[in-house]
Amino acid sequence: MRCPFCSSEETKVIDSRPADENTSIRRRRQCEACGKRFTTYEKLETMPLMVVKKDNTREAYERSKIESGIVRSCHKRPVSTEQISRMIDDIENELFSIGETEIPTSVIGEKVMLKLKDIDQVAYVRFASVYREFKDVNTFIEEIGELLKK
């Protein structure tokens, strides 16, 4: 592992422990050249996942795209970054456990909406309005009506 401070390749592991509910390993390292410490995370490498978009084009799955959509939806809402990270981890675990190499964006979007609905209903409506391409105020009212029924 290369030191992020001095770029030396001479580092040693000081401490290792499970992280993210035993889905990764957190390693505390120390650079032998400069003596500074840093943390790395080791995760199981999974099969590459392709996302099938609405126009049938395919692109590689990127966690950052889900993250940016959720972060935008939760802007100025009482949702912590830890909750967002946990939510994305849960969604990814569900996606990778499906066992398919191609996942439609509709499946990903529905999983995001289910998680957001449980965490913050305003964030859910924000995400749904973009994801489902609400055309007018009546669509918002219908969606909010569905939320109130439950």
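The structure reproduced in this document is the subject of the present report. Keep in mind the model is a prediction, meaning the values are calculated, not measured. (Residues numbered from 1 in each chain as written. Predicted model: local features only at pLDDT ≥ 70, side-chain atom pairs only at ≥ 80, totals over all residues. Heavy atoms only, no water.)

Attention shifts here to the sheet that holds strand E5 (residues 58-60). Backbone-to-backbone hydrogen bonds join strands into a sheet, with any given pair of strands oriented parallel or antiparallel. Read across the open sheet, the three strands follow the order E5-E4-E6; overall the sheet is mixed. The sheet terminates laterally at E5 and strand E6 (102-104), the two strands that pair on one side only. Between one strand axis and the next, the sheet turns through 35 degrees on average, direction left out of account. The pairing of strand E4 (residues 50-52) with E5 spans three bridges and is classified as antiparallel. When the bridges of E5 are listed, Met 50 appears paired with Ala 60. Each of E4 and E6 touches helix H3 (residues 105-119); the most contacted strand, E6, lies at about 65 degrees to it. (Pairing = 2+ DSSP bridges. Helix = DSSP H or I, 4+ residues; strand = E, 2+ residues; numbered from the N terminus. Axes fitted to C-alpha atoms, helices over the stretch in contact; angles between N-to-C directions. Contact = heavy atoms within 4.5 Å.)

Below, the discussion takes up the packing of H3 against helix H4 (residues 121-131). H4 packs onto H3 with a crossing angle of 160 degrees between their chain directions and a minimal axis gap of 7 Å. In terms of orientation, H3 and H4 fall into the roughly antiparallel class. Of the residues in H4, those touching H3 at Thr 105, Ser 106, Gly 109, Glu 110, Val 112, Met 113, Leu 116, Lys 117 and Ile 119 are Gln 121, Ala 123, Tyr 124, Phe 127, Ala 128 and Tyr 131. Looking at the contact of H3 with H4 residue by residue, the classes come out as nine nonpolar, four polar and two charged. (Parallel < 35°, antiparallel > 145°, perpendicular 65-115°, else oblique. Nonpolar A, V, L, I, M, F, W, Y, C, P; charged D, E, K, R; others polar.)

As a further point, take the environment of Glu 133. In this structure, Glu 133 sits in the loop between H4 and helix H5 (137-149). When sequence neighbours within four positions are dropped, the list of residues in contact with Glu 133 reads Lys 54 and Ala 128.

Remember that the coordinates give geometry; whether it matters functionally is a separate question.
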